[in-house]
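Given next are the chains, with one letter for each unit.
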Amino acid sequence: MSPAVDILIPQMASADATSNHTRLIQEMLEEKGFEVRIVVERRTRADSSTIPIEKWKGDARVSILQHSIGSEVAQSVIRNKSPIVLNYHNITPASYFQAWQPELARSVERGRQQLSQLASLTRRGIADSEFNAQELKGLGIDDVVVSPVLWQLGGRVGQPEQDKSEVSKEGGTVLFVGRLAPNKCQHDLIAALAVLSRFRPQSRLVLVGDASPPQYLLSLKGLARRLGVYGRVVFAGKVSDKDLLRWYQLSDVLACASEHEGFGVPLVEAMANGLPVVAYDAAAVAETVDGAGIVLSDKRPATMATALDRVLDDEQLRIGLRDRGIKAAQRFDISVTREQMWIALKDLVEARV
Amino acid sequence: MSRPESVDTKRVSADFEAEADNRRRQDSEIALLELEIEQAWADLSPSGNSFDAVSHDGHLLDQTASLAALDPQVPIGSRRGLRGIKWAIRKLTYWYVRFLTDQFNLFAGVLIRHLRNLEARMGRLEAAAGLPIDQSVPAGLGLLDDPPEPAPEVVAQVAGLAGSGPCLVLSAGQGALVEAIGDRGIPTHGVEQDPDRAFTGLSRRIGIRTGDMLAHLVGSEDGEFGTIVLAGMVETLPLKDLIGMINQASLKLKSTGRIIVAVADPATRGQVESELGSGLGISPITWRHLLEHAGFDARLEPCANSRISQIVVAHRSANSSDRSSANSSNDSESREP
């Protein structure tokens, strides 16, 4: 007998946002009594319950495709002309990777080409943000629902420190969490640190996340050396949830200079941890922050540095941002987002064939 | 801001942007710095001219990471023959070699953890049995890789010996030395490899960075520090690393700077530690010899501590600049065709 729902994803990996999102959708639907299969392009030993795309027949009541990069699973959908629910997490424009890692650029370019071809097969689009939804609508998909990515904030949110008010006049810890990638623009944060150092000589920048492409990390280190701030940039790499929580708690402000964010999980995690946010207004950043952080229309080094300096300097402002951030992050609590996802899928999975 | 909840973030953001423009107008150095940053990034990013140089400028591990990075998302290709070969390579790499490596690393990690737990339990049993602690491996020492935090008397004495700033403490642990030297008004920061220890210090707002101490030293500016303190894990490094560290510290030290070494003498280790740590660490007298060889005037200061009985203090010797300039001139001569 065919299952109610198939979820198609290139690979189920641990510590991967889209994989976790997929698992949570599976859990939710199974709790509601639907049989769910996960269909992958590459199986791992750890996920033996998945089925390979070669065996997928497209006979489930609903097939949900997780789409964020060019993949063989998307190609199979196109080849079989199977109607799908397109869960779109956005695809970083290839231009960001072209000069750094041409293979990755080709892969994301392929994802965008597949997106155009998937539009005509899409029964419903589910977008993480209004920004992503607009892109789907631009492709001619009329039925688009906004439902944020599902993830368990639990392990990454601690008790916000009520007394975390004092920041030394000379210092301050600025945090960014996310892959070290050209579209995330960590080089702009190092540039901002170089200017911030004029006002706060002991300030430092913590960059959490692994490098993709690796050459970008080398250039970041080169930039930090050349600007004389290498000793004050912490390249923390990929960290466990426990260490990530500690970085959130130890930092004074989260800065984001990213030019392309389909959603922005770290922005929400920072707000949930009571960390003030200073971000550049690009893609889905402003709607994720939703007025609870400082959103700048200009990210030149002196602008970012001035905003960071002022936030570090003004205790009342930090308290205000902390309170608003905690409130804003509640919109993305798993209990809320699960319900949104259920509403987005309910009529389709309950429909009788 | 009168009431926190009344923060108008749009207005505040606009105010900050206006203030940044004012700073640019009033301080020409900021505007110049922005131009310099722009140029630096143009040089370092792939569209610039020197990207190839940067690619090979990183540490060996960075380069290895770069070489090992395979992208599983790359399209597999369209020609049947090539497609088959590429598919086989990918399958071999991701399903077998990488899987096996991951499993082996996992197994090794679990094994090490269990051995350490076993060792810690034995230590606790010994303590419960009333055996003197110096007859066994100290709690938490593991396989000689985790010296204890410096005792208060060591901290006080090292702080008193620190010279001008900025001061760098290598293997800063939880930051007691950084804090004590900083309290004397000397700008100080530390580097600690163990994230747990570093986090303990960071949570007390002590200036500690996590990371490799030698890499941090290499990444610092030449002549940046007035004082460099070597402590903690330094006592468990092999001679080759210690010499490398002294050479790097010498480069990063101001001409009037000093190096302070506050580590235990390997001769004071118990039998087990001595065997485990054979060839690791050197005595204070050897430290003095190496520092003198590197152009410092070094002396030994007695310390009233059971582990660290002597602290080595090294200043630039009066003729070291002559010696180093003589060396460099010899070097340059030797490079001449």
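Above this text sits the structure in question.
Quantities reported herein were computed from a predicted structural model and do not represent experimental measurements.

Reading the values: rules and limits
- Residues numbered from 1 in each chain as written.
- Chains lettered and ligands numbered in written order.
- Predicted model: local features only at pLDDT ≥ 70, side-chain atom pairs only at ≥ 80, totals over all residues.
- Heavy atoms only, no water.
- Contact = heavy atoms within 4.5 Å.
- Buried area = accessible area lost by both parts, 1.4 Å probe.
- Salt bridge = Lys/Arg side-chain N within 4 Å of Asp/Glu carboxyl O.
- 1 Å grid on protein atoms, 1.4 Å probe; cavity = no way out; pocket = protein on both sides within 12 Å on 5 of 7 lines; lining within 4 Å.
- Points joined across faces, edges and corners; volume = space filled by probe spheres on them.
- Helix = DSSP H or I, 4+ residues; strand = E, 2+ residues; numbered from the N terminus.
- Nonpolar A, V, L, I, M, F, W, Y, C, P; charged D, E, K, R; others polar.
- Buried < 20%, exposed > 50% of the residue type's maximum accessible area, 1.4 Å probe, protein only.
- Pairing = 2+ DSSP bridges.

### Brief notes about the interface of chain A and chain B
In this assembly, 70 residues from chain A lie in contact with 58 residues from chain B. Interface area, chain A with chain B, both sides summed: about 5700 Å², of which 60% is carbon and sulfur. When the buried surface of chain A facing chain B is broken down by residue, Arg198(A), Leu218(A) and Arg226(A) rank first, second and third, together holding 11% of it. Residue Glu29(B) is joined to Arg198(A) by a salt bridge in which the shortest nitrogen-to-oxygen separation is 3.1 Å.

### Description of the layout of surface pockets
The computed volume of the second largest pocket comes to approximately 730 Å³. The wall of the second largest pocket is formed by 26 residues, among which Ser168(A), Gln202(A), Arg205(B), Ile206(B) and Gly207(B) lie closest to the centre. Looking at the lining of the second largest pocket, the elements with two or more residues in it are α7 (176-183), β2 (188-192) and β3 (208-210) of chain B. For the lining of the second largest pocket, the element with the most residues is α7(B), which contributes four residues. Taken together, the residues of the lining of the second largest pocket break down into eight nonpolar, nine polar and nine charged.

### Quick word on the pairing of strand β1 (residues 5-11) of chain A
All names here are of chain A. By the criterion of burial, β1 is predominantly enclosed, with six of the seven residues buried. Pairing between β1 and strand β2 (residues 36-42): six bridges, direction parallel. If you follow isoleucine 7 over to β2, its bridge partner there is isoleucine 38.

### Looking at empty space enclosed by the protein
Residue and element names in this part refer to chain A. Under the criterion given, the structure shown has four cavities of 30 Å³ or more. Within this model, the second largest cavity holds a volume of roughly 40 Å³. As for the second largest cavity, its lining consists of Phe176, Val177, Leu254, Cys256, Glu261, Gly264, Pro266 and Leu267. Those elements that provide at least two residues to the lining of the second largest cavity are β8 (173-177), β11 (253-256) and α9 (265-272). When the residues that make up the lining of the second largest cavity are grouped by side-chain class, the tally is six nonpolar, one polar and one charged.

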